[in-house]
Amino acid sequence: MAEVGIDLSDHTAKPVSGIDPASVDLVITLCAEEVCPLFPGRVERLHWPIPDPGGPGATEEELRAGLRSARTLIRRHLLDLARERGWTPSGVRPRWEQDLPAVRALLEQADLPVEGLEVTRGWVLLDRMAVVGHVALEPAVDAQVLRSLVVAPTLRGRGLGEVLVSVAEGGAQGLPVVLRTQTIGDWVQALGYLPATLGEVPQGVRDTSQFSGTLCSGTPVYRKG
């Protein structure tokens, strides 16, 4: 967890008997190969079976790989849950007008286009009140265009881009989400996006600033939904 900036050094495993049922609203069990512990009380329960990260005879390298895989699976389950229930992850809020200079600076640092930003609805990621990440949706007929996704260089590799994408997908309110990218195609496909052609997206999408602006006409297109 330290790899993604989460300090668990003061956390310890607790027996079920040491937890007050009245303080719990939701129980999520992750056991796959073993029997899950029984939690008393009338609480909402979800079960996300995650394979044992190590397994018998696993080497240290295999254990680390398994733990990273489990971490990714849990994060995606949590993001799906937050999106389904309309929860906003900690540190993310809707973009305010006064955030635009900081957002433009991040985008320019990443060599991403800034034109048309004023017609988008965006969200920012904050760290100590500073804007360190951003994503936006540009509305189109029958779809939403995902754009202006950026995370500060020092915070990349922690899953924060996936958090921002999940928030934007929740903001799309069930409409298909379309984007163009030359650099993160494999990454967005791992999030469920599929390659598409311009002919497979609505005309309204092709009229947006992201599709008619400075991005090369040959930039790959991806779609979800």
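In what follows, the structure referred to is the one given above.
From a predicted model like this one, the values you see are computed outputs, not experimental measurements.

The rules behind these values
Counting starts from 1 at the beginning of each chain's written sequence and moves along it residue by residue. Side-chain atom pairs in this predicted model are given and counted only at pLDDT of 80 or more, local residue features only at pLDDT of at least 70, and totals for whole chains, interfaces and linings cover all residues. Side-chain numbers here rest on the full set of heavy atoms in the structure, without hydrogens or water. The working definition used for a salt bridge is a side-chain nitrogen of Lys or Arg within 4 Å of a carboxyl oxygen of Asp or Glu. Numbering goes from the N terminus for both helices and strands, where a helix is a DSSP run of H or I of at least four residues and a strand is a run of E of at least two. Only protein chains enter the accessibility calculation, which uses a 1.4 Å probe; a residue is then buried when its area is under 20% of its type maximum, exposed when over 50%, and partly exposed in between. The axes are straight lines fitted to the C-alpha atoms, using for helices just the contacting stretch, and the angles between their N-to-C directions are given from 0 to 180°. Note on terminology: angles under 35 degrees are roughly parallel, angles over 145 are roughly antiparallel, angles of 65 to 115 are roughly perpendicular, and the others are oblique. Definitions for this section: a left-handed crossing has its near helix turned counterclockwise from the far helix by less than a right angle. A right-handed crossing has that turn clockwise. Contacts are residue-level and defined by heavy atoms, with any inter-residue pair within 4.5 Å sufficient. Side-chain classes follow a simple rule in which Ala, Val, Leu, Ile, Met, Phe, Trp, Tyr, Cys and Pro form the nonpolar group, Asp, Glu, Lys and Arg form the charged group, and the remainder, Gly included, forms the polar group. Here, two cysteine sulfur atoms that lie within 2.5 Å of each other are counted as a disulfide. The pairing criterion for strands is at least two bridges between them, as found by DSSP.

A few points about the pattern of salt bridges
What the rule picks out here adds up to eight salt bridges. Taking the shortest distance from any N to any O, the salt bridge between Glu60 and Arg64 comes out at 3.4 Å. Taken together, the positions of Glu60 and Arg64, both in helix α1 (residues 60-85) and four residues apart, correspond to about one turn of that helix. Residue classification places Glu60 among the exposed residues on the basis of a relative accessible area of 56%. For Arg147, the salt bridge identified is with Glu138, shortest N-O distance 3.3 Å. This pair shows no difference in class: Arg147 is buried, exactly as Glu138 is. Salt bridges sharing partners connect three or more residues here, namely Arg75, Arg76 and Glu162.

Comments concerning the packing of α1 against helix α3 (residues 160-171)
The N-to-C vectors of α1 and α3 enclose an angle of 25°; their axes lie 9 Å apart at closest approach. Between α1 and α3, the interaxial angle falls into the category roughly parallel. Once α1 is placed against α3, the crossing between them reads as right-handed. Listed contacts from α3 to Arg75, Arg76, Leu79 and Arg83 of α1 are Glu162, Val163, Ser166, Glu169 and Gly170. In the contact of α1 with α3, the residues fall into two nonpolar, two polar and five charged.

Description of the state of the cysteines
Taken as a whole and judged by the stated rule, the model has one disulfide. Note that Cys31 is cross-linked by a disulfide to Cys36, the S-S spacing being 1.4 Å. On the sign convention where negative is left-handed, the bridge of Cys31 and Cys36, at about 100° about the S-S bond, is right-handed. Residue classification places Cys31 among the buried residues on the basis of a relative accessible area of 9%.

Considering the sheet that holds strand β4 (residues 121-127)
Taken together, the seven strands give an open sheet; going across it, the order is β3-β4-β5-β6-β7-β9-β8, and neighbouring strands pair in mixed fashion. Looking along the sheet, the strands with just one partner apiece sit at the ends: β3 (92-94) and β8 (194-196). Going across the sheet, the axis of each strand differs from the next one's by a mean of 30°, ignoring polarity. Note that β4 and strand β5 (residues 130-140) share seven bridges and pair antiparallel. Across the sheet, residue Trp123 finds its bridge partner in β5, namely Val135. Each of β4, β5 and β6 (143-151) is contacted by helix α2 (residues 100-109), which is oriented at about 90° to β5, the strand it contacts most. Along the sheet, α3 makes contact with β3, β4, β5, β6 and β9 (221-224), crossing β6 at roughly 155°.

Here we look at the environment of Pro21
Structurally, Pro21 can be placed in the segment before β1 (26-29). Relative accessible area serves as the criterion here: at 30%, Pro21 is assigned to the partly exposed category. Between the alpha carbons of Pro21 and Gly41 there is a distance of 5.9 Å; along the sequence they are 20 residues apart. Filtering out sequence-adjacent residues up to four positions away, Pro21 remains in contact with Phe39, Pro40 and Val43.

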